[in-house]
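# Working through the structure, step by step
For reference, the chains in residue letters:
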Amino acid sequence: MGRRLITAVTAKTGSVSTFTWGDVDGLTGPARTQTLTATGGTGTGARFNVTRSGGGSNSLITSVTLFAAGSGYTVGDNLTVTETLTPFGNVAITVTAVA
């Protein structure tokens, strides 16, 4: 009788270290930067600075930077950040590395 090898694979979890983002709604609004908490994914506590440049009808989200890395996230987690001031745009974030 042969031996069977059973291997358990556990995905690495940790703090967000790199990510990609996209402006889901393409809404325009006033120039500003907000620090917002992400929802979704396997972890908690990730916060991002979301910046709109310009102002008025030409203002789109131009920058998303990591403010707080949170914990318990895995590569491939899809997160959403929703602005708290009108026009309440959404940013889709995909975790590409954890630390």
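Not measured: the values here are computed from a predicted model.

### Side note on the environment of Ala99
Residue placement: Ala99 occurs in the segment after strand 6 (90–98). Put simply, Ala99 and Val16 are 83 residues apart on the chain and 6.5 Å apart in space, counted from C-alpha to C-alpha.

### A word on the nonpolar core
Phe48, Val50, Val64, Leu79, Val81, Val91 and Ile93 are the most contacted members of the largest nonpolar core, which totals 16 residues. Secondary-structure elements contributing two or more residues to this core are strand 1 (16–23), strand 3 (44–52), strand 4 (61–71), strand 5 (78–82) and strand 6. When residues in this core are grouped by element, the largest group, four residues, is from strand 6. Other than its neighbours up to four places away in sequence, Val81 contacts Leu36, Ala38, Phe48, Val50, Gly89, Asn90, Val91 and Ile93.

### Section: the sheet that holds strand 4
In spatial order, the strands read 2-3-4; together these three strands make up an open sheet with antiparallel pairing. A strand with exactly one partner marks an edge of an open sheet, and here the two such strands are strand 2 (32–37) and strand 4. Each adjacent strand pair in this sheet contributes to an overall mean axis angle of 15°, direction not counted. In this structure, strand 3 lies alongside strand 4, joined through eight bridges in antiparallel fashion.

Each value, and the rule that gives it
- Residues numbered from 1 in each chain as written.
- Predicted model: local features only at pLDDT ≥ 70, side-chain atom pairs only at ≥ 80, totals over all residues.
- Heavy atoms only, no water.
- Helix = DSSP H or I, 4+ residues; strand = E, 2+ residues; numbered from the N terminus.
- Core = buried A, V, L, I, M, F, W, Y, C linked by side-chain atoms within 4.5 Å.
- Buried < 20%, exposed > 50% of the residue type's maximum accessible area, 1.4 Å probe, protein only.
- Contact = heavy atoms within 4.5 Å.
- Pairing = 2+ DSSP bridges.
- Axes fitted to C-alpha atoms, helices over the stretch in contact; angles between N-to-C directions.

It is worth stressing that arrangement in space is one thing and function is another; only the former is reported here.
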